[in-house]
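Listed below, chain by chain, are the residues.
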Amino acid sequence: MSSKVFASVVSRSWSESRIRSAFPLARLVLPALSCLALSACGATAEEGDTPTESLTQAVKGGHHPPSGEDLFETAFAGTNGRSCASCHVRDDHTGLTPDHVTSLLATNPSDPLFNPIDADDPLAAVPTYEHLKKGLVRVVLNLPANMDLIDFFGNVVTPPDRTVAVWRAVPSVENAAITAPYQYDGRKGTLQEQAQGAIIAHSQGGPVSARDLDALAEFQDGLFTSNRAKKVAKKLDKGVPVEHIQRPELDMDELTPAQNRGLDVYNLACEGCHGGATNLQVVNRQVHDLAFVELKADGNVLFDTTVTPPKPVLKPQPHNEFLNVGFANLTYLGQIFGDFFGPRFNATVAMPQYRYRFYTDGSRTVQQVDLPPVPVTVSGSPFDPRAQLDANGAPIVGPNFLPQLFSTDPGRAAITGDPVDFEAFDVPQLRGVANTAPYFHDNSAATLRDAVDLYSRFILPFFAPLNLPAVLPPENGGFFPESLTPEQKSDLLEFLQIL
């Protein structure tokens, strides 16, 4: 974006009618989803329910229980035809890649993957699948009892079924034996719960027998990206505490010089949150706690103004393994500014536009906080990224430390109902990461290089204990300074290729 165009954006004057037009809060999509009566990936068999019979078992007459692999590859009876493998594609390390979707749509548009529940508009006469072609599927979540959706003016707009829909990537189930809990927001504690929820919400089926769920879980427990990941899983299965398991790559003799240097960069920049033998263990709580701040009643960050410059007041979360490092906010910026803040793989598709009201309890009578807070900017435009300062010199900003008009995904907060979890996500394991592009919960980074660039420019500088300030010249004609040198990024990428 040129400086001239940028200036015109941030100085724009917005009337109420124009804001309503620019901030639809997905009002057209949510009623359509309500008509589909989708579950929120959380149902289990209730007493008295008749478990859905697996299609494989029905074909075989029930003489031999199907294997977990059969169940993974074959749709259950009474579903829309999707199997686990429809979205967790075996040839793509059990992920869903844009290339696979695009190719399949061209060769077999009647494939069950292209069910209208994942169309851009589920009720369109001729469905389109631009989101799905980015590797994104629609995930419908039940709002906690103490949350509502609100518009820009604070009006409650929660749909009657009290759900929100978000677009998320399909996580690989490789290394599932060492990565619980499951889903990007950690809403499933076991592989059985994960499988049952997917069968209901994405395959539109019913409850499945415990035997079949156990078989599916056992099959997924055996999928690994490497023998090193399998070695870690075996030790965990034997009851060895994760903190007592040495990272297998530290014993590798065949690392190249570049990979060894990349390991050093990993230990410096990544290990704090992606540490331990599982590569998803938060080992630096000081770094983790910098992602959690106290909020004022208006949703803006509380700053300690007795120091210069003012510093945010932290709200440490010693038992919370989720965190908001700003990826949902970067997606928001991509929706507004395109590639100005770096390439965004998902910037060309419309992401949800939500604001949330949190209450003190499920009666929804006493308001706690609205997030994101209404932007207070230098120009007055809600899209101006320059925050106004208060009388004490502290910026007036929400949890992402930038003015933010809407949120594209509530993250963990839609599970806990706690504003501290606003746009927070699970820390993903990085084993096999070279095989799982695109990256992040909403496929906002097309390549591993893009992901590393985002960290170098927008994530690492804000965690002071890492001592990686963004003071280096930007690469490739970019606008924003870097925390890592070109050589460090190149070496880190070499190491991640073999992790």
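Residues numbered from 1 in each chain as written. Predicted model: local features only at pLDDT ≥ 70, side-chain atom pairs only at ≥ 80, totals over all residues. Heavy atoms only, no water.

Asks: How should I be thinking about the overall build of the chain in this particular structure?
Replies: The helix and strand tally for the chain stands at 16 helices and 9 strands. With 499 residues in all, the chain has 53% of them scored as buried. Sequence separation of at least 24 residues holds for 65% of the intrachain contacts in the chain that already meet a minimum separation of 6. Approximately 21,400 Å² of the chain is accessible, and the part contributed by carbon and sulfur atoms is 53%. (Helix = DSSP H or I, 4+ residues; strand = E, 2+ residues; numbered from the N terminus. Buried < 20%, exposed > 50% of the residue type's maximum accessible area, 1.4 Å probe, protein only. Contact = heavy atoms within 4.5 Å. Areas by Shrake-Rupley, 256 points an atom, 1.4 Å probe, with all protein chains shown as cover.)

Asks: I keep staring at the sheet that holds strand β2 (residues 147-150) and nothing clicks. Help me out?
Replies: Strand pairing in a sheet is mediated by backbone hydrogen bonds. Such pairs are either parallel or antiparallel. Read across the sheet, 3 strands follow the order β2-β7-β8 without closing on themselves; strand pairing throughout is antiparallel. The open sheet has two edge strands, β2 and β8 (367-371), and neither has a second partner. Strand-to-strand twist across the sheet, computed as the mean angle between neighbouring axes with direction ignored, equals 25 degrees. Note that strand β7 (residues 355-359) and β8 share 4 bridges and pair antiparallel. Across the sheet, residue Y356 finds its bridge partner in β8, namely L371. (Pairing = 2+ DSSP bridges. Axes fitted to C-alpha atoms, helices over the stretch in contact; angles between N-to-C directions.)

Asks: Explain the packing of helix α15 (residues 448-459) against helix α16 (residues 486-498) to me, please; I cannot follow it from the model alone.
Replies: α16 packs onto α15 with a crossing angle of 130 degrees between their chain directions and a minimal axis gap of 11 Å. When the axis of α15 is compared with that of α16, the two are oblique. Our pair here, α15 against α16, has a crossing hand that is right-handed. Listed contacts from α16 to L448, R449, V452, D453, S456 and R457 of α15 are K489, L492, L493, L496 and Q497. Here the contact of α15 with α16 is composed, by residue class, of 5 nonpolar, 2 polar and 4 charged. (Parallel < 35°, antiparallel > 145°, perpendicular 65-115°, else oblique. Left-handed = near helix turned anticlockwise from the far one by under 90°. Nonpolar A, V, L, I, M, F, W, Y, C, P; charged D, E, K, R; others polar.)

Asks: Is there a simple way to explain the packing of aromatic side chains in this structure?
Replies: Aromatic rings considered in pairs are described by the distance between their centres and by the relative angle of their planes. Applying the stated criterion across every chain, the model contains 19 aromatic pairs. Between F72 and F219, the aromatic rings sit 5.2 Å apart at their centres with planes inclined by 55 degrees, giving tilted as the arrangement. Pair noted here: F72 is in helix α5 (residues 68-73) and F219 is in helix α9 (residues 210-221), with a separation of 147 residues, a long-range link. Here the two residues F72 and F219 agree in accessibility, since each one is buried. When the ring of F458 is compared with that of F480, the centres are 5.0 Å apart and the planes differ by 65 degrees; the resulting orientation is edge-to-face. One end of the pair, F458, is in helix α15; the other, F480, is in the loop between α15 and α16, and 22 residues separate them in sequence. For F458, a relative accessible area of 13% corresponds to the buried category. Relative accessible area serves as the criterion here: at 18%, F480 is assigned to the buried category. The residue whose ring lies beneath K134 is F345, and the NZ or CZ to ring-centre distance is 4.2 Å. Stacked on the ring of F322, the Lys or Arg R412 has its end atom at 4.1 Å from the ring centre. (Phe/Tyr/Trp six-rings, centres within 6.5 Å; stacked < 30°, edge-to-face > 60°. Lys NZ or Arg CZ within 6 Å of the ring centre and 35° of its normal.)

Asks: Help me out: how do you make sense of helix α7 (residues 98-107) in this one?
Replies: Quick reminder: α-helices carry 3.6 residues per turn. Residues three or four places apart thus point the same way. Of the positions making up α7, those classed as buried are P98, V101 and L104. Looking straight down α7, one finds its buried side chains confined to an arc of 135 degrees; they lie on one side. Exposed and oriented more than 90 degrees from the buried face of α7 are D99, A106 and T107. (Arc of directions from axis to C-beta.)

Asks: Can you walk me through the packing of helix α11 (residues 257-269) against α16 in this structure?
Replies: Helices that pack against each other are described as a pair by the angle of their axes relative to one another and the distance between those axes. The contact between α11 and α16 brings their axes to 7 Å, and the two run at 100 degrees. Relative to α16, the element α11 lies roughly perpendicular. Judged by residue contacts, A258, Q259, R261, G262, L263, V265, Y266 and L268 of α11 engage Q488, D491, L492, E494, F495, L496 and I498 from α16. Here the residues of the contact of α11 with α16 sort into 9 nonpolar, 3 polar and 3 charged.

Asks: Can you help me understand a positive patch on the surface in this one?
Replies: Residues K230, K231, K234, K235 and K238 make up a contiguous surface patch of positive charge. Relative to the assigned elements, K234 resides in helix α10 (residues 227-237). (Patch = residues over 30% accessible without salt bridge, like charges linked within 9 Å, V, L, I, M, F, W, Y side chains within 5 Å. Salt bridge = Lys/Arg side-chain N within 4 Å of Asp/Glu carboxyl O. Lys, Arg positive; Asp, Glu negative; His and termini not counted. Charge placed at Lys NZ, Arg CZ, Asp CG, Glu CD.)

Asks: Quick question: what am I supposed to make of the nonpolar core here?
Replies: Soluble globular proteins: nonpolar side chains tend toward being buried together. Judged by nonpolar contacts, the single largest core of 48 residues is most densely connected at Y266, F341, Y439, F440, L492 and L496. Elements with a minimum of two residues in this core: α11, α13 (327-337), α15 and α16. The leading source of residues in this core is α15, at 6 residues. (Core = buried A, V, L, I, M, F, W, Y, C linked by side-chain atoms within 4.5 Å.)

Asks: Teacher, can you tell me more about the environment of A77 here?
Replies: Note that A77 resides in the loop between α5 and α6 (84-87). A relative accessible area of 28% means that A77 is categorised as partly exposed. Each C-alpha atom, one on A77 and one on G206, is 9.1 Å from the other, the two residues being 129 residues apart in sequence.

Asks: Could you clarify how one ought to interpret a negative patch on the surface in this entry?
Replies: Residues D214, E218, D221 and D237 make up a contiguous surface patch of negative charge. Among the elements that take part in the negative patch, α9 stands out by supplying 3 residues, more than any other. Summarising the element assignment, D237 is placed in helix α10. D237 gets classed as exposed once you look at its relative accessible area, which sits at 69%.

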